[in-house]
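# Secondary and tertiary structure notes
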Amino acid sequence: MQVLLEKHDQEFIRKKNRMLAFNSIQHHHPISRTDIAKLSGMSAATVGRVVADLIELGLVKETDQISGGVGRKATMLDLDLESIMTVGIEVDRNLTKAALVDLSGRIIAEKQQVVDQNGKQLDVLIDLIVHMVTEMAAEQGIPLSKFVGAGVGLPGIVDPDQGMVVFSAQLGWRNISFVKMLEAKLNMPVVLDNDLKVKALGESSFHSLDGIPAESITALVSIGSGLGTALIMDQKIYRGSRNIAGEIGHSIIDPNGKLCECGKRGCLQTYITDLALLQEANQIREVRSLQELFQYMEQGEPWARSIIDRACSYIAITINNVVCAYNPNHIILTGKFIEDHPEMFEAVKLKLQEFVGEHFSGSFEMFRSKLGERSVMIGAAKLVLQQQIDYGLVHK
Ligand SMILES: [Zn+2]
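Each chain carries its own residue numbering, running from 1 in the direction its sequence is written. Reporting of local features is limited, given that this is a predicted model, to residues whose pLDDT is at least 70; pairs of side-chain atoms are given and counted only at 80 or more, and all residues count toward the totals for whole chains, interfaces and linings. Think of the side-chain values as coming from all heavy atoms in the structure, minus any hydrogens and water.

Moving on, we come to the overall build of the protein. Helix and strand definitions here come from DSSP, where helices need a minimum of 4 consecutive H or I residues and strands a minimum of 2 consecutive E residues; each element is numbered from the N-terminal end. Along its length, the protein carries 13 helices and 16 strands. The reference for a compact globule is 2.2 Å times residues^0.38; the radius of gyration itself is calculated from the C-alpha atoms. Over its C-alpha atoms the protein spans a radius of gyration of 22 Å, differing by no more than 12% from the 21 Å that the globule rule assigns to 396 residues. Considered along the principal axes of its C-alpha atoms, the protein spans approximately 70 × 50 × 50 Å. Burial classification: accessible surface area is computed with a 1.4 Å probe over protein chains only, and a residue below 20% of its type maximum counts as buried, one above 50% as exposed, and the rest as partly exposed. Within the protein, buried positions represent 52% of all 396 residues. Summarising the internal contacts of the protein: among those between residues at least 6 apart in sequence, 62% fall at separations of at least 24. About 19,000 Å² of surface is accessible on the protein, with carbon and sulfur atoms providing 50% of the total. Asp and Glu count as negative and Lys and Arg as positive, but His and the ends of the chain are not part of the count. A charge is said to be at NZ when it belongs to Lys, at CZ for Arg, at CG for Asp and at CD for Glu. Across the protein, the centroid of the 40 positively charged side chains sits 3 Å from that of the 48 negatively charged ones. Two residues qualify as a contact provided that any one of their heavy atoms is within 4.5 Å of a heavy atom in the partner residue. Accessible surface is estimated by sampling points in the Shrake-Rupley manner with a 1.4 Å probe; for residues, cover comes only from the protein chains shown.

So, on to the coordination of the zinc ion. In this description, a donor is an N, O or S atom within 2.8 Å of the metal centre, a cutoff extended to 3.2 Å for sodium, potassium and calcium. Water is not part of the atom list, which can make sites seem incomplete. At this site the zinc ion is bound by His250 (ND1), Cys260 (SG), Cys262 (SG) and Cys267 (SG), with donor distances of 2.1 to 2.3 Å. For a four-donor site, all angles between 85 and 135 degrees give tetrahedral; for four or six donors, opposite pairs above 155 degrees with the remaining angles between 65 and 115 give square planar or octahedral; all remaining cases count as irregular. Here the zinc ion is ringed by 4 donor atoms whose angles at the metal span 104 to 123°, and the overall shape comes out tetrahedral. Of note, the zinc ion draws all its donor residues from one chain, in the sequence arrangement H-x9-C-x1-C-x4-C.

With that settled, the discussion passes to the packing of helix H9 (residues 290–298) against helix H10 (residues 302–326). Close contact between H9 and H10 brings their axes to 7 Å; oriented N to C, the two are set at 120°. Between H9 and H10, the interaxial angle falls into the category oblique. Seen along the crossing, H9 lies across H10 with a hand that is left-handed. Between H9, through Leu293, Phe294, Tyr296 and Met297, and H10, the contact on the second element is made entirely by Trp303, Ala304, Arg305, Ile307 and Ile308. In this classification, the charged set is Asp, Glu, Lys and Arg, the nonpolar set is Ala, Val, Leu, Ile, Met, Phe, Trp, Tyr, Cys and Pro, and all remaining amino acids, among them Gly, are polar. Class assignment for the residues of the contact of H9 with H10 results in 8 nonpolar, no polar and 1 charged. Comment: axis = line fitted to C-alpha atoms, over the contacting stretch for helices; angle = value between 0 and 180 degrees taken between N-to-C directions. Oblique is the label for any angle not covered by the other classes, which are roughly parallel (under 35 degrees), roughly antiparallel (over 145) and roughly perpendicular (65 to 115). Less than a right angle of anticlockwise turn of the near helix away from the far helix marks a crossing as left-handed, whereas a clockwise turn marks it as right-handed.

Now for a nonpolar patch on the surface. Distance thresholds for patches are 9 Å for like charges and 5 Å for nonpolar side chains (Val, Leu, Ile, Met, Phe, Trp, Tyr), applied to residues having over 30% relative accessible area and no salt bridge. Between Lys or Arg on one side and Asp or Glu on the other, a salt bridge is scored when a side-chain nitrogen of the former is within 4 Å of a carboxyl oxygen of the latter. Together, Ile157, Val166, Phe167 and Ile244 make up a nonpolar patch on the protein surface, roughly 280 Å² of accessible area in all. Note on placement: Phe167 falls in strand S9 (residues 164–168). On the accessibility criterion, Phe167 (33% relative accessible area) is partly exposed.

What follows covers helix H3 (residues 44–56). By this rule the span expected of a helix is its residue count minus one, scaled by 1.5 Å. Under the 1.5 Å per step criterion, the end-to-end length of H3 is 18 Å for 13 residues, consistent within 8% with the ideal 18 Å. Along H3, the positions that sit buried rather than exposed are Thr46, Val47, Val50, Val51, Asp53 and Leu54. The buried residues of H3 all sit within an arc of 150° when viewed along its axis, so they share a single face. Residue Gly58 follows H3 closely and has a positive phi angle near 80°. Of all possible arcs, the one meant is that of the directions from the helix axis to the C-beta atoms.

Let us now look at the environment of Lys73. Following the sequence through the fold, Lys73 ends up in strand S3 (residues 73–79). Lys73 sits 39 residues away from Thr34 along the chain, and the two C-alpha atoms are 11 Å apart.

What makes two strands pair is DSSP finding at least two bridges between them. Strand order across the open sheet formed by 5 strands is S6-S5-S4-S7-S11, with mixed pairing between neighbours. Edge positions in the sheet fall to strand S6 (107–114) and strand S11 (190–194), since each has one partner strand and no second. Here the strands of the sheet are splayed against their neighbours by 15° on average, with no regard to which way each runs. Two elements, strand S4 (residues 85–91) and strand S5 (residues 95–101), share 6 bridges in a ladder whose sense is antiparallel. Bridge pairing links Glu90 to Lys97 in S5. Set on the sheet, helix H5 (residues 178–186) makes contact with S4, strand S7 (147–154) and S11; between it and S11 the angle comes to about 145°.

What follows concerns the domain arrangement of the protein. Looking at the assigned domains, one finds that the protein contains domain 1 (2–79), domain 2 (85–200 + 375–395) and domain 3 (209–369). Annotation comment: domain bounds sourced from an automatic or database domain assignment. A separation of 26 Å is found between the C-alpha centroids of domain 2 and domain 3. Across the contact, 13 residues belong to domain 2 and 19 residues belong to domain 3. Of all residues in domain 2, Leu196, Lys197 and Ala200 give up the largest surface area on contact with domain 3, accounting jointly for 45% of the area buried on that side. For the pair domain 2 and domain 3, the number of links is 2 salt bridges. Asp193 is the salt-bridge partner of Arg239, the closest N and O atoms lying 2.3 Å from each other. Nitrogen and oxygen atoms within 3.5 Å of one another constitute a polar contact, given that in protein one can donate a hydrogen and the other can accept it, and given that sequence-neighbouring residues count only through two side-chain atoms. The interface formed by domain 2 and domain 3 holds 8 residue pairs in polar contact (both at pLDDT 80 or more) in total. Two parts placed together each lose some accessible area; with a 1.4 Å probe, that loss summed over both constitutes the buried area.

Shown next as structure tokens:
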């Protein structure tokens, strides 16, 4: 038993180190082995081993030697951009997006299409995705054999091991074998996860540009039509036992509060989502969109200011709760509420002084999204790459 455990640990650490080295190369290419060791804190021997893995996987190649500062020559490592491609897909209630993403995380081509899901048009959606991907690949002259897989991010509770959408209120789906259906027509491996979880994965890898914090914990907090969080630990999505870790929108803050779509009362999201804010606004006058509510605030309407101010308080409370539960060093604040109204980022930051305890307040840095509306596609593609780096060697 002990031996098995140790073996498992070794494999786990090697996978982690492989990803760490890959991230260093992805963000700093071309880079020498010595600099990877410096950036990541790994020993020279470990870097040597995991870089060999990455070269064997065909993801990384050695390039010309360049002179180091003291006259020594170092062999540089670069991404083998021609070797493989990935696909990133986002399925949302009204819009489906797909992108071809290269090894550096760059989008080569993207397409989007309005599709009203409504729980009925699953076949149409699958055909549409296949069409978008094959058309983009043809336009770019990239053979489909180069694609190692497609990652899909969508709202709802997802079982990534089974490739199932367990439940999605937004899409109107329950127990859908999405991966099986898409793989049958797309002819490449498909990985599936919750949209916020892949978004966090995409964002966290692009927030580590100035260094590779191996042990960092990144929490993504998203406010829009729903409220959710996602956590990245050791560069991996933290899932909990059933992949529902982070569903903080349904944490109860008032047992006598408003009724939530989940059937319980006083869930945190009943205070902050678009719908909750609009319902409150409509008690004063007719307001049809969040945009309109912000306009009223800008015109100096005190009731509009009060609603938005309170929303910022609840976002700060959410952040405080996330900090208490997970002690992240990075928090990425995202979602339509923040992205469409960037001034709200600063408003929430001010509120943190009030709602985050003094011993916790210096423990994290808060950022905006860097990838914006492309973050789910880029994160989903990253998930494919992670699988390739973790398991690709096994299949060789
Ligand atoms: Zn709820």
